[in-house]
Amino acid sequence: STSAKDEKLDYIIHKVDEYQIDFTTFLDKDFPSILNHIYNPPAILFMRGNRALLDGRLNRIAIVGARSCSLYGRNVARMLGKELGKYSTIIVSGGARGIDSHGHEGLLASQGYGIIVMGCGLDITYPRENAKLFDRMLQNNGYFYPNTSRVHRRPQNISQHGIVLFVDYAEVFS
């Protein structure tokens, strides 16, 4: 007979396989060194995609901003993503609608690489309208991992990857 713990472990293993999720621990040689600089780093990091993008020697710029962005903000984020992608700069964002998404759209236009620090688990697509964008990023050797903080500090985790470059106007609850 199997115990509840065995069933839970089987379920986790099934989900890891189903979503093609990989993992590393803080004891592993390939654990992203950048995460050692955040408060209370995770013991296990679940991820999807090209983990080589976390190599600390690679150039990264975070493009983050308002979810309800202006037309100007959308165009600038796309242009910056596209131009930076041409120079092998990795774009990092939270994958939110608005500036984050438009920066990655531009990046994909130049065949560049991106990292998304998800605000949810890797088995959840949020925001839902970004499902195709996220799929295209994974097909283009992008990289995803969930917010690693025990408290909601995703902006700080994104900024750990490099310079935060762009913010369009932001409303109070953006």
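In this text the structure is predicted, and so the values were computed from the model without any measurement.

Caption draft 1: Fine view of the overall build of the protein. Scanning the protein from N- to C-terminus turns up 5 helices and 7 strands. Starting at the N terminus and ending at the C terminus, the protein contains elements arranged as α-β-β-β-α-β-α-β-α-β-α-β. A buried classification covers 42% of the 174 residues belonging to the protein. Taking as baseline every contact in the protein between residues at least 6 positions apart, the subset at least 24 positions apart corresponds to 72%. Here the protein displays about 10,100 Å² of accessible surface, and carbon together with sulfur accounts for 54% of that area.

Caption draft 2: Examining helix 3 (residues 99–109) more closely. Counting buried positions along helix 3 yields 9 of 11 residues, so the element is predominantly enclosed. Buried within helix 3 are the following residues: Ile99, Asp100, Ser101, His102, Gly103, His104, Gly106, Leu107 and Leu108. Positioned one or two residues after helix 3, glutamine 111 has a phi angle of 60°, which is positive.

Caption draft 3: Seen up close, the nonpolar core. With 15 residues, the main nonpolar core has Leu35, Leu45, Ile115, Tyr143 and Tyr145 as its most contacted residues. Listed in part, the 11 residues of the second largest apolar core include Val16, Ile116, Phe134 and Phe144.

Caption draft 4: Here's a closer look at the layout of surface pockets. In this structure, the second largest pocket spans a volume of roughly 220 Å³. Tyr11, Ile12, Lys15, Val16, Ile21, Phe46, Gly121, Leu122, Asp123 and Pro146 are the residues that line the second largest pocket. Per-element tally for the lining of the second largest pocket: the top contributor is helix 1 (residues 4–18), with 4 residues. Residues that form the lining of the second largest pocket fall into these classes: 7 nonpolar, 1 polar and 2 charged.

Caption draft 5: Seen up close, the packing of helix 3 against helix 4 (residues 131–139). Orientation of helix 3 relative to helix 4, taken along the N-to-C sense of each, is 40°, at an axis distance of 11 Å. It follows that helix 3 is oblique to helix 4 by the angle criterion. When the axes of helix 3 and helix 4 are compared, the crossing they make is left-handed. Residues Ser101, His104, Glu105 and Leu108 of helix 3 pack against Leu133, Arg136 and Met137 of helix 4. Considering only residue class, the contact of helix 3 with helix 4 consists of 3 nonpolar, 2 polar and 2 charged.

Caption draft 6: Summary view of a nonpolar patch on the surface. On the surface, a nonpolar cluster with roughly 270 Å² of combined accessible area is contributed by Phe23, Ile44 and Phe46. Within the secondary structure, phenylalanine 46 sits in strand 2 (residues 44–49).

Caption draft 7: Layout of the confidence of the model for the protein. For the protein, the mean per-residue pLDDT works out to 82, and 83% of the residues sit at or above 70. Taken element by element, the predicted model of the protein shows its lowest mean pLDDT in helix 5 (residues 154–159) (53) and its highest in helix 3 (94).

Caption draft 8: Representation of the environment of tyrosine 113. The residue tyrosine 113 is located in the loop between helix 3 and strand 5 (114–118) in this model. For the pair tyrosine 113 and methionine 137, spaced 24 residues apart in the sequence, the C-alpha separation amounts to 7.7 Å. Contacts of tyrosine 113, omitting those with residues within four sequence positions, involve Leu53, Thr89, Ile90, Ile91, Leu107, Asn140 and Asn141.

Caption draft 9: Examining the environment of leucine 84 more closely. With respect to the secondary-structure elements, leucine 84 resides in helix 2 (residues 71–86). Relative accessible area serves as the criterion here: at 17%, leucine 84 is assigned to the buried category.

Caption draft 10: Spatial organisation of the packing of aromatic side chains. In total, this model carries 2 aromatic pairs according to the counting rule given. On the basis of an interplanar angle of 50° and a centroid distance of 6.1 Å, the ring pair of phenylalanine 23 and phenylalanine 46 is categorised as tilted. Residue phenylalanine 23 is found in strand 1 (residues 22–25), and its partner phenylalanine 46 is found in strand 2; the two are separated by 23 residues along the sequence. Under the relative-accessibility criterion, phenylalanine 23 is labelled partly exposed at 45%. Ring centres of phenylalanine 134 and phenylalanine 144 lie 5.4 Å apart, and the angle between their planes is 75°; on these two criteria the pair is classed as edge-to-face. With phenylalanine 134 in helix 4 and phenylalanine 144 in strand 6 (residues 143–146), this pair connects stretches of sequence that are 10 residues apart. Here phenylalanine 134 and phenylalanine 144 have matching classes, each one buried.

Calculation criteria
Residues numbered from 1 in each chain as written. Predicted model: local features only at pLDDT ≥ 70, side-chain atom pairs only at ≥ 80, totals over all residues. Heavy atoms only, no water. Helix = DSSP H or I, 4+ residues; strand = E, 2+ residues; numbered from the N terminus. Buried < 20%, exposed > 50% of the residue type's maximum accessible area, 1.4 Å probe, protein only. Contact = heavy atoms within 4.5 Å. Areas by Shrake-Rupley, 256 points an atom, 1.4 Å probe, with all protein chains shown as cover. Core = buried A, V, L, I, M, F, W, Y, C linked by side-chain atoms within 4.5 Å. 1 Å grid on protein atoms, 1.4 Å probe; cavity = no way out; pocket = protein on both sides within 12 Å on 5 of 7 lines; lining within 4 Å. Points joined across faces, edges and corners; volume = space filled by probe spheres on them. Nonpolar A, V, L, I, M, F, W, Y, C, P; charged D, E, K, R; others polar. Axes fitted to C-alpha atoms, helices over the stretch in contact; angles between N-to-C directions. Parallel < 35°, antiparallel > 145°, perpendicular 65-115°, else oblique. Left-handed = near helix turned anticlockwise from the far one by under 90°. Patch = residues over 30% accessible without salt bridge, like charges linked within 9 Å, V, L, I, M, F, W, Y side chains within 5 Å. Salt bridge = Lys/Arg side-chain N within 4 Å of Asp/Glu carboxyl O. pLDDT = per-residue confidence, 0-100. Phe/Tyr/Trp six-rings, centres within 6.5 Å; stacked < 30°, edge-to-face > 60°.

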